Amino acid sequence: LEKGGNLTLTTRHEAAYPPFTSEVSYDGFLNVVEVGDLIQIRASAGLAEVVVKTIDGKDAVCEVTQGGRIFSRAAIAIRGKSYQLLGAAAEDVPCEVDSGCHPITDIEFAVGEGVDYISLSFVENAEPIIELKKLLAERNVSVGIVAKVESANALGHLEEIVQESDAVMVARGDLGTAIPYEKVPVWQEKIVRLCRELGKPSLVSTHFLESMVVYPTPTRAEVTDIAEAVRQTTDGLVLTSETASGKYPFKALATMDAVARRIEEQLDARDAKVIANPPLFKSQVADEVWATSATKIAENIASSAALLADRLRPKAILVFTQKGLMASLLSRTRPKVPVFAFTAKPRVRSRLAMLYGVRPFRVTFDDEPEVTIANALAELRARQLVENGDQILIVADMLGGSHGARLEDIQRVFDDIAASNGTGDSIPRSLLRPALRRLGLKASDAVETAVGMSEADYVMSEAEGGFVDQERVKYDAQLTFEQFQSFIDEAVEIVHTVQLRTVE
């Protein structure tokens, strides 16, 4: 493309096109683009830019304002706009080929493949995240949502985006075309810090090792870019074109790994302190089921464990978690020793892998906590991660104290949950654990695991082994008050523990 020339972007899906006509794979493209829009296309060196002059049927005729050489499958973005089409009916987004159709088609495919996360591009506020959560809830699946921040509008709604999402990606490529490039490092640091404060994983992507798309070695500036992201304690670094279409994908990955490990070693050697964060749950509304005193206690336990680990420097912190909350709270403090997180659920294990400093494992939870801990230590010994004589810090909830709760408290919690979920005279089985926590109670780990396991968790667990000799406990999807009360009567007051032990 040369400045002043023409480029026609089309969704006609024909076998051949005249010169300077290129097909856009997304059929909804012309529903979004308008005359006067600036379109940026990834070129061999930087970005090519065109301005839409006319729209004729399935063609957008553009004038080139910044030339460059473009190739098939190059990324394309409309500056200042996003494809917020989740709410559109499928018939409003025509589909003439097997790809580039309505976003719900892609969501259905992702859910069917059992992905752990779905990434939403060009998120500008919390609405598309909430909408996707509803779609996933209707399909009764637990899939995390990664919100990609890549537009100027998103920067004005950062807190609500972070609050609603399960993780946030700083997509620097598109963000750098939407705001002045010199502001990208500033916003990157702000987003990473906000994610850490709100307890959500942060990812930084794009252009880390762009030169390795073509060349086998990185530039020194690229190495420094990786080092800066590591120093900001982001949870993950994402390679894009380096591994998707580059000539040296494995070498690029090895380079990033080597640089990240070396910088992390230097950070540890500086004896940096545990990061102090503002209280995570102070701003949450009181009537949310999970915003309870139990979660605040868990936050304080995690902070105390991290401070203790910072002072004593044990070999590792071991945490046992059903949903991943305690592991997430520990990761948020950025402890200087590794966190080994043990869970019974394969999906939770997979999602925990994204957290800073956390290495997740799956282990069968026994009714006896000491048996569960012994199984976890056996797993770590087998992997040569601990050995006899090592000191470890164990964070776990134990059963102790009195059984059950007052009838009026049981009724109040049941009514609150039933009212908030519109279920009337029953509550979802999945909310039994939060209900127990509101009452300061805990069932055995084995029972809580069985209650919270989805069909997908059981299938994955049986495929991996580990549940063969454990009787599968089946519970109704909805619990009546009588069933709920029977659980409460058997539950025991929680004792939160932080234990320093020596491996024997």
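Heads up: the structure comes first, above all this text.
It should be emphasised that the depicted structure is a prediction, and the values quoted were computed from it without experimental measurement.

Thresholds, definitions, all that
Residues numbered from 1 in each chain as written. Predicted model: local features only at pLDDT ≥ 70, side-chain atom pairs only at ≥ 80, totals over all residues. Heavy atoms only, no water. Helix = DSSP H or I, 4+ residues; strand = E, 2+ residues; numbered from the N terminus. Expected span 1.5 Å × (residues − 1). Buried < 20%, exposed > 50% of the residue type's maximum accessible area, 1.4 Å probe, protein only. Arc of directions from axis to C-beta. Phe/Tyr/Trp six-rings, centres within 6.5 Å; stacked < 30°, edge-to-face > 60°. Lys NZ or Arg CZ within 6 Å of the ring centre and 35° of its normal. Core = buried A, V, L, I, M, F, W, Y, C linked by side-chain atoms within 4.5 Å. Contact = heavy atoms within 4.5 Å. Salt bridge = Lys/Arg side-chain N within 4 Å of Asp/Glu carboxyl O.

Chemist: Residue-level account of helix α3 (residues 127-138), with values.
Modeler: Here α3 spans 17 Å end to end across twelve residues, near enough to the 16 Å set by a 1.5 Å rise per residue. Taken as a whole, α3 has its buried residues at P128, I129, L132, L135 and L136. Down the axis, α3 shows its buried residues gathered within 120° of arc, on one side only. Seen from the open side of α3, the exposed residues pointing more than 90 degrees away from its buried face are E127, K134, A137 and E138.

Chemist: Summarise the packing of aromatic side chains; cite the residues concerned and give the values.
Modeler: Under the counting rule described, the total for this entry stands at six aromatic pairs. Ring geometry for F320 against F342: centres 5.4 Å apart, planes inclined by 20°, an arrangement best described as stacked. Remark: F342 occurs in strand β13 (residues 339-343) and F320 occurs in strand β12 (residues 316-320); sequence separation between them is 22 residues. According to the relative accessible area criterion, F320 is buried, its value standing at 16%. Overall, the relative accessible area of 0% leaves F342 in the buried class. Taken together, the aromatic side chains of F320, F340, F342, F361 and F365 make up a single cluster linked through ring pairs. Note that K190 overlies the ring of W187, its terminal NZ or CZ placed 4.5 Å from the centroid. The lysine or arginine in question, R334, covers the ring of Y356, its NZ or CZ lying 4.5 Å from the ring centre.

Chemist: So what's going on with the nonpolar core? Which residues, and what values?
Modeler: Ranked by size, the top nonpolar core spans 44 residues in total, and within it L132, L136, I191, F208 and L209 carry the most contacts. Excluding residues within four positions of it along the chain, L136 makes contact with I107, V111, I118, V141, V143 and I145. Judged by nonpolar contacts, the second largest core, of 20 residues, contains A298, A305, V348 and L355.

Chemist: Any details on helix α14 (residues 369-382)? Residues and values, ideally.
Modeler: With 14 residues, α14 should reach 20 Å at 1.5 Å per residue; the first-to-last C-alpha distance of 20 Å fits that figure. Taken as a whole, α14 has its buried residues at T372, I373, A376, L377 and L380. Taken around the axis of α14, the buried residues stretch over an arc of 135°, which confines them to a single face. Immediately beyond the C-terminal end of α14, within one or two residues, lies Q384, with a positive phi of roughly 60°.

Chemist: Give a detailed account of the pattern of salt bridges, specifying residues and quantitative values.
Modeler: As enumerated under the stated definition, the model contains 19 salt bridges in all. In this structure, E63 engages K53 in a salt bridge whose closest nitrogen and oxygen atoms are separated by 3.6 Å. On the criterion of sequence distance, the pair formed by E63 in strand β5 (residues 59-66) and K53 in strand β4 (residues 47-56) is long-range, its members being ten residues apart. Residues R139 and E108 are paired through a salt bridge, measuring 2.8 Å at the closest nitrogen-oxygen approach. Placement of R139 in the loop between α3 and β8 (144-149) and of E108 in helix α2 (residues 103-112) is noted, with a sequence separation of 31 residues between them. On the basis of relative accessibility, which here comes to 26%, the residue R139 falls in the partly exposed class.

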